[in-house]
Amino acid sequence: MSEEYAVLSGEIENWPCKDEMCRILETANLSLNVGEYAIRIKGFDHFVFREFGGDMNSPCITAETESADELIRQSHIVSQALSAAGLKHRFEVYDGNDELVAYHHFNWPKDW
């Protein structure tokens, strides 16, 4: 696994509103920085729930780090929070070589 860079590809089937997403993450003891259109998890510098509200697109998740191991750890914690709330989701973590290094999900089996 390459430690140089990692990125997350993720989906949530039925996005809750921003306030509900905050409640779900805070229930899992995650501290948040909440902006007008985004939720950032403190300590997970580049893990962001984006594009909430207004006339923007559907919300999305972006996450990247310089360490695949760190992104695997972070995505596992967030996946557990979403799973506890019953949110159907999937997170795939890819390392700097574009290889799948982790798959976290709730009720979303791999289709490959």
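Note: the structure precedes this text.
Residues numbered from 1 in each chain as written. Predicted model: local features only at pLDDT ≥ 70, side-chain atom pairs only at ≥ 80, totals over all residues. Heavy atoms only, no water.

So, on to the sheet that holds strand 3 (residues 39-41). Strand order in the open sheet made by the seven strands is 2-3-4-5-1-6-7, with antiparallel pairing throughout. In this open sheet, the two edge strands, each paired with only one partner strand, are strand 2 (32-34) and strand 7 (100-106). Across the sheet, the mean angle separating the axes of adjacent strands is 15 degrees when strand polarity is ignored. The sheet contact formed by strand 6 (residues 89-95) and strand 7 spans six bridges and is antiparallel. Across the sheet, the residue bridging to Arg90 is His105, located in strand 7. Strand contacts of helix 1 (residues 18-27): strand 1 (6-12), strand 2, strand 3 and strand 4 (47-50), with the helix running at about 170 degrees to strand 2, the strand carrying the most contacts. Set on the sheet, helix 2 (residues 68-84) makes contact with strand 1, strand 3, strand 4, strand 5 (60-65), strand 6 and strand 7; between it and strand 6 the angle comes to about 180 degrees. (Pairing = 2+ DSSP bridges. Helix = DSSP H or I, 4+ residues; strand = E, 2+ residues; numbered from the N terminus. Axes fitted to C-alpha atoms, helices over the stretch in contact; angles between N-to-C directions. Contact = heavy atoms within 4.5 Å.)

Running from amino to carboxyl end, helix 1 crosses helix 2 at an angle of 115 degrees, the nearest separation of the two axes being 9 Å. Here helix 2 runs roughly perpendicular to helix 1, going by the angle between their axes. Relative to helix 2, the crossing made by helix 1 is right-handed. Of helix 2, the residues touching helix 1 (which contributes Met21, Ile24 and Leu25) are Val78, Ala81 and Leu82. When its residues are assigned to classes, the contact of helix 1 with helix 2 shows six nonpolar, no polar and no charged. (Parallel < 35°, antiparallel > 145°, perpendicular 65-115°, else oblique. Left-handed = near helix turned anticlockwise from the far one by under 90°. Nonpolar A, V, L, I, M, F, W, Y, C, P; charged D, E, K, R; others polar.)

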